[in-house]
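Spelled out, the chains give:
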Amino acid sequence: MTRYLVTGGCGFVGSRMCLGIKAIDPHAEIVAFDNLRRRGSETNVVDLAAAGVAFVHGDIRVPADLDDLEGDFDVVFDAAAEPSVHAGTTGSPRYVIDTNLGGTVNLLEFSRQRARTFVLLSTSRVYAIEALRGIRTQEGSTRFEVSAEQDLPGVGPDGVTEDFPTDGARSYYGASKLASELLAQEYAAASDLDVIINRCGVLAGAGQFGKVDQGVMALWVAAHIYGRPLRYIGFGGTGKQVRDLMHPDDLLSLVMRQIDMAPTISGQVFNVGGGTPISVSLLELTDLCRERTGNEVDITPVPETASVDVPVYLTDTTRVRETTGWSPVRDTSAIIDDIATWIEGDIERLRPIFT
Ligand SMILES: NC(=O)c1ccc[n+]([C@@H]2O[C@H](COP(=O)([O-])OP(=O)(O)OC[C@H]3O[C@@H](n4cnc5c(N)ncnc54)[C@H](O)[C@@H]3O)[C@@H](O)[C@H]2O)c1
């Protein structure tokens, strides 16, 4: 029987991982560990219990909360975080640093003694903002497109590779994740712990409590279902900013492969995402939401761009595909449909979270 500790286990990605692992391996013993800080995460406690996942209320910033856990684990999956790139930009950055860096170090230390494999969910936001803004684009009718000619290394029409510059400011969120990656690599080198590091682009699917600063796909679909107004924020307010998307089920299928091959890939960094084929601009997303829900909502342009925002991010997945044989299968429409089906199926319970 395999034992998993999933921190942030009541969050969007963590809860999907817990339920997905249970579906693949019903005998797995899974502990979802969460401080329930993210609004909506408390609603997952019941679903997890129904699936046979144990819930422990705890905080990764507090080593004693981890020490209190019973037994050893085969896999520690670190999905607890403050996941907003805006975190700390208008106040103290203590929470994002203490959780994303301090908490991850606590977990690495816990895992060194009590686990075999550690999975770190890092982010494309480790790349420097100035460099991301320096990606040459041309303006198409519905999106910014990455140009074939680039001045920077590690970027082309297929997206951003692991060789793209990380040097320069990248937000407290990105910096805390990059620092975690560096320390995770030290644990991989200096201890018996195998460490898997995935730099994820946007993750999207059912179960994400989207808000303006994080989880925009779910926010967009929910606004169309509940008839709420939206804003195209930044880059002239045209809605042409682009992201690639990945469904958590595709992430899970990758991580399960990586766990099997952990000793051979420990400490390596992988860019992970849907890539150019599974990408969307806000403008295109609006069309897809209108098509799926039959509703139109007011969208106001806000031309000013936030200091941490970037016009385009697409993941070049060459390294992860060549190393693991994985590729994502759920496309943009499938992801939108998954979110819409979830909200429509639980419309009153989710209303206060999205409106
Ligand atoms: N969602 C994305 O698009 C995306 C993209 C790249 C990387 N990631 C990474 O994936 C991971 C999961 O993100 P998510 O989208 O599920 O976010 P989420 O906010 O839905 O989930 C995070 C969970 O962690 C919990 N948490 C926060 N601080 C904690 C603490 N100190 N101790 C214990 N629990 C705590 C929250 O209550 C929440 O349930 C994060 O590490 C995030 O950086 C997410």
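*Asks:* A description of the nonpolar core should follow, citing residues and the corresponding values.
*Replies:* Ranked by size, the top nonpolar core spans 34 residues in total, and within it Tyr 4, Ile 30, Phe 77, Leu 251 and Val 272 carry the most contacts. With six residues, the top contributor of residues to this core is helix H8 (residues 248–260). Judged by nonpolar contacts, the second largest core, of 30 residues, contains Met 217, Ile 225, Leu 350 and Phe 354.

*Asks:* Describe the site of the ligand, and please don't skip the residues or the numbers.
*Replies:* Near the ligand lie 31 residues; those nearest to it are Val 13, Asp 34, Tyr 95, Tyr 173 and Lys 177. At 2.8 Å from an oxygen atom of the ligand is found a main-chain nitrogen or oxygen belonging to Val 13. Between the ligand and Gln 214 there is a distance of 3.2 Å, counted from a nitrogen atom to a side-chain nitrogen or oxygen. Within the complex, 96% of the 820 Å² of free accessible area of the ligand lies under protein. Mapped by element, the contributors of at least two residues to the shell around the ligand are helix H1 (12–24), helix H4 (94–114), strand S5 (115–123), helix H6 (171–190) and strand S11 (202–203). In terms of residue class, the shell around the ligand is made up of 15 nonpolar, 10 polar and six charged.

*Asks:* So what about unusual backbone geometry? Which residues, and what values?
*Replies:* In this structure, Ser 171 is a non-glycine residue whose phi angle is positive, near 90°. As for its placement among the helices and strands, Ser 171 is situated in helix H6. Overall, the relative accessible area of 12% leaves Ser 171 in the buried class. If you check the backbone angles, Phe 235 has positive phi at about 55° while not being a glycine.

Calculation notes
Residues numbered from 1 in each chain as written. Predicted model: local features only at pLDDT ≥ 70, side-chain atom pairs only at ≥ 80, totals over all residues. Heavy atoms only, no water. Core = buried A, V, L, I, M, F, W, Y, C linked by side-chain atoms within 4.5 Å. Buried < 20%, exposed > 50% of the residue type's maximum accessible area, 1.4 Å probe, protein only. Helix = DSSP H or I, 4+ residues; strand = E, 2+ residues; numbered from the N terminus. Near = heavy atom within 4 Å. Polar contact = N/O pair within 3.5 Å; in protein donor to acceptor, adjacent residues only side chain to side chain. Areas by Shrake-Rupley, 256 points an atom, 1.4 Å probe, with all protein chains shown as cover. Nonpolar A, V, L, I, M, F, W, Y, C, P; charged D, E, K, R; others polar.

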